[in-house]
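One letter stands for each residue in the lines below.
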Amino acid sequence: MKLLRWRFNRYPAYRQSGARVVHIAEDFREITVRLPLNRSTRNLHGTIYGGAMYAAVDPLHAVIVAAHLGPDYHVWMKSAQIDFKRPGRGDLFAHARVSKHELEEMREALRHASKLDRVFTLNLADQAGEVAAHFTLTVHIKRRGAHEAPMEELVFAR
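A short tour of the structure in this document, coming up. (Residues numbered from 1 in each chain as written. Predicted model: local features only at pLDDT ≥ 70, side-chain atom pairs only at ≥ 80, totals over all residues. Heavy atoms only, no water.)

1. Notes on the pairing of strand β6 (residues 131-143)
Defined as follows: By this definition, two strands are paired if DSSP reports at least two bridges between them. Note on conventions: DSSP H or I runs of at least 4 residues are helices, E runs of at least 2 residues are strands, and numbering of each starts at the N terminus.
Alignment of strand β3 (residues 73-84) against β6, held across eleven bridges, turns out to be antiparallel. Paired with Ser 79 across the bridge in β6 is Thr 138. Here strand β5 (residues 115-125) pairs with β6 via eleven bridges, running antiparallel. When the sheet's bridge partners are listed, Leu 122 is paired in β6 with Phe 135.

2. Notes on helix α4 (residues 60-69)
Put simply, the rule is: When a residue's accessible area, from a 1.4 Å probe over protein chains only, is under 20% of the maximum for its type it is buried; when over 50% it is exposed; and in between it is partly exposed.
In terms of residue burial, α4 counts as a mostly covered element, since nine of its ten residues are buried. Where α4 is concerned, the buried positions are Leu 60, His 61, Ala 62, Val 63, Ile 64, Val 65, Ala 66, His 68 and Leu 69.

3. Description of the sheet that holds strand β1 (residues 20-24)
Strands belonging to one sheet form pairs held by backbone hydrogen bonds; the direction of such a pair is parallel or antiparallel. The cut-off we apply is this: Orientation is described by axes fitted as lines to C-alpha atoms, over the contacting stretch for helices, and by angles from 0 to 180 degrees between their N-to-C directions.
With antiparallel pairing, six strands are arranged side by side in an open sheet as β1-β2-β4-β5-β6-β3. Each having just a single partner strand, β1 and β3 make up the two edges of the open sheet. For this sheet, the mean inter-axis angle between neighbouring strands, taken without regard to orientation, is 25 degrees.

4. Overview of unusual backbone geometry
The backbone of Phe 28 sits at a positive phi, close to 55 degrees, despite the residue not being glycine. On the secondary structure map, Phe 28 appears in the loop between β1 and β2 (30-35).

5. Description of the nonpolar core
Threshold: Note on terminology: a nonpolar core comprises buried Ala, Val, Leu, Ile, Met, Phe, Trp, Tyr and Cys residues joined through side-chain atoms within 4.5 Å. Contact between two residues is taken to exist if any of their heavy atoms lie within 4.5 Å; hydrogens are not considered.
The biggest cluster of nonpolar side chains holds 43 residues, and the ones touching the most others in it are Phe 8, Ile 31, Leu 35, Met 53, Leu 124 and Ile 141. Top element by residues in this core is α4. It accounts for seven residues. Residues contacting Ile 141, with those up to four places away along its chain left out, are Val 65, Leu 69, Tyr 73, His 74, Val 75, Met 106, Leu 110, Ser 114, Lys 115 and Leu 116.

6. Let's talk about the packing of aromatic side chains
Selection rule: Put simply, two rings from Phe, Tyr or Trp (the six-membered ring, in Trp's case) pair if the centres are within 6.5 Å, and we call them stacked under 30 degrees between planes, edge-to-face over 60, tilted for the rest.
Evaluation of the coordinates by the stated rule reveals two aromatic pairs. Centre to centre, the rings of Tyr 11 and Tyr 14 are 6.0 Å apart; their planes meet at 70 degrees, and the pair counts as edge-to-face. Members of the aromatic cluster, joined through ring pairs, are Phe 8, Tyr 11 and Tyr 14.

7. A word on the side chain of Thr 32
This is how it is decided: Definition of a polar contact: a pair of N or O atoms within 3.5 Å, with one able to donate and the other able to accept a hydrogen when the atoms are protein atoms, and with sequence-neighbouring residues admitted only if both atoms are side-chain atoms.
By secondary structure assignment, the location of Thr 32 is in strand β2. Reaching out from Thr 32, the side chain makes a polar contact with the side chain of His 95 at a distance of 2.9 Å. With near-sequence residues (within four places) excluded, Thr 32 lies in contact with Arg 20, Val 21, Val 22, His 23, Ala 94 and His 95.

Laid out in structure tokens, this is it:
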């Protein structure tokens with residue numbers, strides 16, 4: 001998992017935003033990200049700016065779902081809604097999880113339909129659990145067509 005975490009942290013959006021993956025579960029159904037308050041994430045009010053918050057959580061659910069469904073599916077972020085609750089005055093953490101049950105539900109739904117939208121929610125909170133931003137993220141999943149070459153195994157694959 002160390003190599004996978006390193007690859008995530010080399011991802012340009014993470015390098016630019018300052019976000020860092022600090023934990024990946026062995027079953028790759030949970031990822032924890034830390035977004036520090038530092039010179040590159042600080043806005044003119046001295047708090048973490050919203051763009052860094054979004055960059056920290058943007059790929060998480062899509063990557064987890066893509067890794068579990070495999071190369072026969074396109075998986076990407078369709079939309080995101082951010083509800084800012086309070087300023088990020090220190091390091092923030094997000095824990096993205098996709099349960100085994102959710103993955104099974106998606107597989108079952110995709111047996112009967114060629115595409116699917118799945119909504120996930122996620123909080124970015126400080127060490128004490130105070131939520132700075134609540135995200136509602138919609139992931140779009142579509143079965144690859146017969147004419148499309150299958151995607152290489154995910155770069156993040158174990």
